[in-house]
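A closer look at the structure
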Amino acid sequence: RLEKLLRTARPDYGWLSEETEDDAARLACETLFVVDPIDGTRAFIGGQATWCVSVAVVHRAKPVAGVLVAPALGEVFTAAAGLGAWKNDAAIAVAAPAADGPVRLAAGEDIVSRIAPGFRSPVERIGHVPSLAYRLAMVADGRIDGTLVKKNSHDWDLAAADLILSEAGGQLVGLDGRPLAYNREGVAHDRLCAARPPLLSPLLDSLRAI
């Protein structure tokens, strides 16, 4: 239903979704929809609230509009390139650096335990959040300071949340520090890091050493 609605409205856009067969014709499209109908499938099946619908418009490899809808939580995150990010009716921004207190990081215990000791001491590990897109939204609205993403996330997991985070003042990058490119032939990504800017550099330094 969502595909029919969007593609009827923009028949010239390409399409990429976890739930549909990949059509290589998308590679010739300057603009396409990137959709995950349920990000956080295990949470959805298990009756948990932290899952969302993720929809992005990607133009020339960059997301330019994004929406995350978390129906069970009554939350809608939106962003448009250059226009900011919103949660329901309120503008959102990443957390300001704190002089004291722990860094709130959403990551597996196996990763947090291997972060350099000098950095690990102020880290407060956040419990598992099943939806990757929603974890990125939590960084965007300041509830957590960062998250680490294991290898093999995909465009549909990331595109909408990437824009929301960026417009809220954060960054999602590879371990090389570069922003992501979307609508490539391969849509899987290597390890990633998302955080507010003052935290990103030391976190990347630590992760590269693992």
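Structure: see above.
The structure reproduced in this document is the subject of the present report. A quick note: this is a predicted structure, and the numbers were derived from the prediction, not measured. (Residues numbered from 1 in each chain as written. Predicted model: local features only at pLDDT ≥ 70, side-chain atom pairs only at ≥ 80, totals over all residues. Heavy atoms only, no water.)

Examining the layout of surface pockets
Empty space among the atoms becomes apparent when a probe as large as a water molecule is rolled across them. In this structure, the largest pocket occupies an estimated 700 Å³ of space. Among the elements of the structure, strand S2 (31-39), helix H2 (41-45), helix H3 (109-112), strand S9 (123-126), helix H5 (132-140), strand S10 (146-149), strand S11 (153-154) and helix H6 (155-167) are those that each provide at least two residues to the lining of the largest pocket. Considering only residue class, the lining of the largest pocket consists of 12 nonpolar, 10 polar and 10 charged. Roughly 250 Å³ of volume is contained in the second largest pocket. Of all the elements in the fold, those that place two or more residues in the lining of the second largest pocket are strand S4 (62-70), H6 and strand S12 (171-174). Considered class by class, the residues forming the lining of the second largest pocket number 9 nonpolar, 3 polar and 2 charged. (1 Å grid on protein atoms, 1.4 Å probe; cavity = no way out; pocket = protein on both sides within 12 Å on 5 of 7 lines; lining within 4 Å. Points joined across faces, edges and corners; volume = space filled by probe spheres on them. Helix = DSSP H or I, 4+ residues; strand = E, 2+ residues; numbered from the N terminus. Nonpolar A, V, L, I, M, F, W, Y, C, P; charged D, E, K, R; others polar.)

Digging into the sheet that holds strand S5 (residues 75-80)
With mixed pairing, the 7 strands of this open sheet are ordered in space as S1-S2-S3-S4-S5-S6-S7. Lying at the two open borders of the sheet, with one neighbouring strand each, are strand S1 (14-17) and strand S7 (90-91). Direction of pairing for strand S6 (residues 84-87) relative to S7: antiparallel, over a ladder of 2 bridges. Looking at S7, one finds that Trp86 is bridged to Ala91. Its contacts with the sheet place H6 against S1, S2, strand S3 (52-59), S4, S5 and S6, and it is angled at close to 100° to S4. (Pairing = 2+ DSSP bridges. Contact = heavy atoms within 4.5 Å. Axes fitted to C-alpha atoms, helices over the stretch in contact; angles between N-to-C directions.)

As for the side chain of Thr31
Note on placement: Thr31 falls in strand S2. At 2.7 Å, the side chain of Thr31 and the side chain of His59 are in polar contact. (Polar contact = N/O pair within 3.5 Å; in protein donor to acceptor, adjacent residues only side chain to side chain.)

Some details on the pairing of S4
For a regular strand, side chains alternate in direction, first toward one face of the sheet and then toward the other. Across 7 bridges, S3 lies against S4 in antiparallel orientation. Across the sheet, the residue bridging to Val58 is Pro63, located in S4. Between S3 and the antiparallel strand that follows it, S4, lie 2 residues; Arg60 among them carries a positive phi value of about 50°. Where S4 meets S5, 6 bridges bridge the pair, whose relative direction is antiparallel. The partner of Val67 across the bridge, within S5, is Thr78. A loop of 4 residues connects S4 with S5, the two strands running antiparallel in sequence, and Gly74 in this loop sits at a positive phi of about 70°.

Some points on the pairing of S5
Residues of S5 alternate between two faces, with Glu75, Phe77 and Ala79 buried on one and Val76, Thr78 and Ala80 left unburied on the opposite face. Of the strand pairs in this sheet, S5 and S6 are connected by 4 bridges, and their pairing is antiparallel. Across the sheet, residue Thr78 finds its bridge partner in S6, namely Trp86. (Buried < 20%, exposed > 50% of the residue type's maximum accessible area, 1.4 Å probe, protein only.)

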